[in-house]
Amino acid sequence: MPTSSPTWTEHDRTRRTHAISRKHRPRVTGRGRRARALKTINAQPVQVPAADALTHLQFRRFAACPICNIHLRSTARRHDEIVDAGIREVAVFHSPVEDMLPYQGEFPFAVLADPDRELYSRFGVESSPRSNLHPRAWSTPLKWQSWSVVVRGVRAGGKVGPQGESMTGLPADFLIDSGGRVLAAQYGSHANDQWSVDELLQLARTVRKP
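Notes on the structure in this doc start here. (Residues numbered from 1 in each chain as written. Predicted model: local features only at pLDDT ≥ 70, side-chain atom pairs only at ≥ 80, totals over all residues. Heavy atoms only, no water.)

Let us now look at the overall build of the protein chain. The secondary structure content of the protein chain amounts to eight helices and eight strands. Expressed as a percentage of the 210 residues in the protein chain, the buried residues total 50%. Residue pairs at least 24 apart in sequence account for 70% of intrachain contacts in the protein chain once pairs closer than 6 positions are excluded. (Helix = DSSP H or I, 4+ residues; strand = E, 2+ residues; numbered from the N terminus. Buried < 20%, exposed > 50% of the residue type's maximum accessible area, 1.4 Å probe, protein only. Contact = heavy atoms within 4.5 Å.)

Let us now look at the pattern of salt bridges. Two side chains that carry opposite charge are able to pair once their charged atoms sit near each other. Overall, the coordinates contain four salt bridges when judged by the stated rule. Note that Arg-88 and Asp-52 form a salt bridge whose closest N and O atoms lie 4.0 Å from each other. A residue pair is termed long-range when its members are at least 10 positions apart, and Arg-88 in strand 5 (residues 87-93) and Asp-52 in the loop between strand 3 (45-48) and strand 4 (54-59) qualify at 36 residues. On the accessibility criterion, Arg-88 (30% relative accessible area) is partly exposed. The shortest N-O distance in the salt bridge between Asp-198 and Arg-78 comes to 2.8 Å. Here Asp-198, found in helix 8 (residues 197-207), pairs with Arg-78, found in the loop between helix 2 (66-77) and helix 3 (79-84); they are 120 residues apart in sequence, far enough to count as distant. Classification of Asp-198 as partly exposed rests on a relative accessible area of 46%. (Salt bridge = Lys/Arg side-chain N within 4 Å of Asp/Glu carboxyl O.)

Once that is clear, we can look at the nonpolar core. Counting 19 residues, the largest nonpolar core has Leu-57, Phe-59, Val-125 and Phe-174 as its most contacted members. Sorting the residues of this core by element identifies strand 3, strand 4, strand 5, strand 6 (110-113), helix 5 (118-123), strand 7 (172-176) and strand 8 (182-187) as the ones contributing at least two each. Core analysis: the next-biggest nonpolar cluster, separate from the first, contains 16 residues, Ile-41, Cys-68, Ala-91 and Met-100 among them. (Core = buried A, V, L, I, M, F, W, Y, C linked by side-chain atoms within 4.5 Å.)

This is how it looks when you write it as structure tokens:
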């Protein structure tokens, strides 16, 4: 556990999932500040963090990223479980809305476009030339599931590959309470390093323990 209030940079150096003790949980919203009202790629309002649930804020890469879309489809399949556990999903991509709609427009949870990387910067989510070198990263685009999500996106009008965005982005996950405190965090060490749904549900149970 951290011995002092951790900064986003300190989280980035550890690059591992950890629940943060009640005493040392940093605030996302800041003392006395309200949650942010944002709009999804479908122009629906979303509050971050949610007022009545935990928020799982996950940072992905570019819109056509097969790794990201396979992971989010696994999240979508178990979305009812996530909601029943008192968690609201919010996923962020560093692509413009028009590139995201064919790939992420039908997900049952909030998806945000952040092409200027404002949220990425705020949360210290970075890139690395090594992001695609791990076997779990470079092997995923070769699997049939990857081709399936790409074909599905292209048929909906999407483009293949990054459209001017970096391919070296790293994922990150944050579990945030309704008061804006980060309860658990992970900065991925490679492109396919993120919480599974099972890990997310277990973390939610852990941080709720007295």
